[in-house]
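Each chain is listed here by its residues.
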Amino acid sequence: DQQVKQNSPSLSVQEGRISILNCDYTNSMFDYFLWYKKYPAEGPTFLISISSIKDKNEDGRFTVFLNKSAKHLSLHIVPSQPGDSAVYFCAASGSGTYKYIFGTGTRLKVLA
Amino acid sequence: GAGVSQTPSNKVTEKGKYVELRCDPISGHTALYWYRQSLGQGPEFLIYFQGTGAADDSGLPNDRFFAVRPEGSVSTLKIQRTERGDSAVYLCASSPGTANDYGYTFGSGTRLTVV
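To start, this report covers the structure provided alongside it.

**Quick word on the nonpolar core**
Okay, step 1: With 23 residues, the main nonpolar core has Phe33(A), Trp35(A), Leu73(A), Leu75(A) and Tyr88(A) as its most contacted residues.
Okay, step 2: Put simply, the parts of the chain that give this core at least two residues each are strand E3 (19-25), strand E4 (30-38), strand E5 (45-51), strand E7 (62-67), strand E8 (72-77), strand E9 (86-94) and strand E11 (106-111) of chain A.
Okay, step 3: The greatest single-element share of this core, amounting to 4 residues, is contributed by E9(A).
Okay, step 4: Sequence-distant contacts of Phe33(A), defined by excluding residues within four places in its chain, comprise Tyr25(A), Ile48(A), Ser49(A), Ile50(A), Leu66(A), Leu73(A), Ala91(A) and Ala92(A).
Okay, step 5: The next biggest cluster of nonpolar side chains, apart from the first, holds 20 residues, and it includes Val4(B), Leu32(B), Ile79(B) and Val114(B).

Shown next as structure tokens:
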């Protein structure tokens with residue numbers, strides 16, 4: 001049973017436009033969410049987090065939105081750059097826990 | 001070092017052999033995690049250490065897998081009687097405390113291939 005789902009395996013976006021990566025979860029006890037970016041042959045790199053007490057968190061070009069009622073979060077990248085091309089994972093956990101459940105990832109390709 | 005270091009970066013072993021994978025966390029990070037990533041999947045939790053003790057080993061798939069962190073720093077993941085299904089990238093991560101606010105810092109992983 002996949003508790004964290006990223007239903008789009010890949011996404012292509014033109015440079016300068018917005019990239020929107022989506023993530024759905026099934027466990028209502030999840031209340032911390034992370035996004036990671038992964039380049040080939042490297043470990044995942046932490047991007048941005050959000051807790052369930054917020055519905056939005058912003059860090060530079062990256063914004064994460066959380067819709068708890070829909071059990072849905074999204075990562076917006078504006079403007080997209082070719083260096084953003086990577087696999088993006090969302091991950092979720094319950095409060096005070098350390099064990100994150102990861103989605104299967106979305107491969108983003110930003111076209112120059 | 002500045003980051004999480006994992007050695008070896010690649011390991012090819014024959015079915016039935018024993019392997020050890022090493023992780024050097026970021027200095028001062030008390031929490032250490034092992035994850036496994038199979039092709040086309042996200043990282044899957046294996047085990048979590050807080051200091052020297054394994055606080056949660058519920059993700060270890062079976063008793064062929066074991067991990068230690070004897071001095072609260074370096075950790076070794078040990079796999080006995082390897083099987084082809086164990087082939088994956090094994091990721092180690094560390095954090096100064098709980099990962100909720102700032103996530104883990106992952107190493108580059110060890111790609112294990114069992115032939």
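Having seen it, we continue.
**Overview of the pairing of strand E6 (residues 56-59) of chain A**
Residues and elements named next belong to chain A.
Okay, step 1: Of the pairings in the sheet, the one linking E6 to E7 comprises 4 bridges and is antiparallel in character. Within E7, the position partnered with Asn57 by the bridge is Val64.
Okay, step 2: Two successive antiparallel strands, E6 and E7, enclose a turn made up of 2 residues, where Gly60 displays a positive phi of approximately 65°.

**With respect to the state of the cysteines**
Residue and element names in this part refer to chain B.
Okay, step 1: Throughout the structure, instances matching the rule amount to 2 disulfides over all chains.
Okay, step 2: Each disulfide pairs two cysteine sulfurs, and for Cys23 the partner residue is Cys92, the sulfurs being separated by 1.9 Å. Taking the sign of the S-S torsion, -70° for the link of Cys23 and Cys92, the bridge is left-handed. Linking Cys23 in strand E3 (residues 19-24) with Cys92 in strand E9 (residues 88-95), this pair joins segments that are 69 residues apart in sequence. Each member of the pair, Cys23 as well as Cys92, carries the same accessibility label: buried.

**As for the packing of aromatic side chains**
Okay, step 1: A complete count under the given rule lists 15 aromatic pairs over all chains for this structure.
Okay, step 2: Ring centres of Tyr25(A) and Phe30(A) lie 6.2 Å apart, and the angle between their planes is 55°; on these two criteria the pair is classed as tilted. Judged on exposure class, the residue Tyr25(A) and its partner Phe30(A) are both buried.
Okay, step 3: Aromatic side chains Tyr36(A) and Phe106(B) sit 5.4 Å apart centroid to centroid with 75° between the ring planes, which places their arrangement in the edge-to-face category. Of this pair, Tyr36(A) sits in strand E4 while Phe106(B) sits in strand E10 (residues 105-106), placing the two residues on different chains.
Okay, step 4: Among the residues examined, Tyr36(A) registers a relative accessible area of 0% and is labelled buried.
Okay, step 5: Aromatic ring contacts, followed pair by pair, group Tyr36(A), Phe46(A), Phe89(A), Tyr100(A), Phe102(A), Tyr33(B), Tyr35(B), Phe45(B), Tyr48(B), Tyr104(B) and Phe106(B) into a single cluster.

**Let's talk about the sheet that holds E3(A)**
Residue and element names in this part refer to chain A.
Okay, step 1: Here 5 strands make up an open sheet; going across it, the order is E1-E3-E8-E7-E6 and the pairing antiparallel. The sheet is open, and its two borders are formed by strand E1 (4-5) and E6, each paired with just one other strand.
Okay, step 2: Relative to E8, E3 is paired through 6 bridges, and the arrangement is antiparallel. Its bridge partner lying in E8, Asn22 is registered against Ser74.

**Quick notes on the pattern of salt bridges**
A side chain of one charge can pair with a side chain of the opposite charge if their charged atoms are brought near each other.
Okay, step 1: In this structure the tally under the stated criterion is 6 salt bridges over all chains.
Okay, step 2: With its nearest N and O atoms 2.8 Å apart, the salt bridge here joins Arg61(A) to Asp84(A). A residue pair is termed long-range when its members are at least 10 positions apart, and Arg61(A) in the loop between E6 and E7 and Asp84(A) in the loop between E8 and E9 qualify at 23 residues.
Okay, step 3: Residue Asp84(A) is classed as buried on the basis of its relative accessible area, which comes to 2%.
Okay, step 4: Between Asp56(B) and Lys99(A) there is a salt bridge; the shortest N-O distance is 3.3 Å. Of this pair, Asp56(B) sits in strand E6 (residues 53-56) while Lys99(A) sits in the loop between E9 and strand E10 (101-102), each in a different chain.
Okay, step 5: One continuous salt-bridge network, built from bridges that share partners, spans Arg64(B), Glu83(B) and Asp86(B).

Calculation rules
- Residues numbered from 1 in each chain as written.
- Chains lettered and ligands numbered in written order.
- Predicted model: local features only at pLDDT ≥ 70, side-chain atom pairs only at ≥ 80, totals over all residues.
- Heavy atoms only, no water.
- Core = buried A, V, L, I, M, F, W, Y, C linked by side-chain atoms within 4.5 Å.
- Buried < 20%, exposed > 50% of the residue type's maximum accessible area, 1.4 Å probe, protein only.
- Helix = DSSP H or I, 4+ residues; strand = E, 2+ residues; numbered from the N terminus.
- Contact = heavy atoms within 4.5 Å.
- Pairing = 2+ DSSP bridges.
- Disulfide = S-S within 2.5 Å.
- Phe/Tyr/Trp six-rings, centres within 6.5 Å; stacked < 30°, edge-to-face > 60°.
- Salt bridge = Lys/Arg side-chain N within 4 Å of Asp/Glu carboxyl O.

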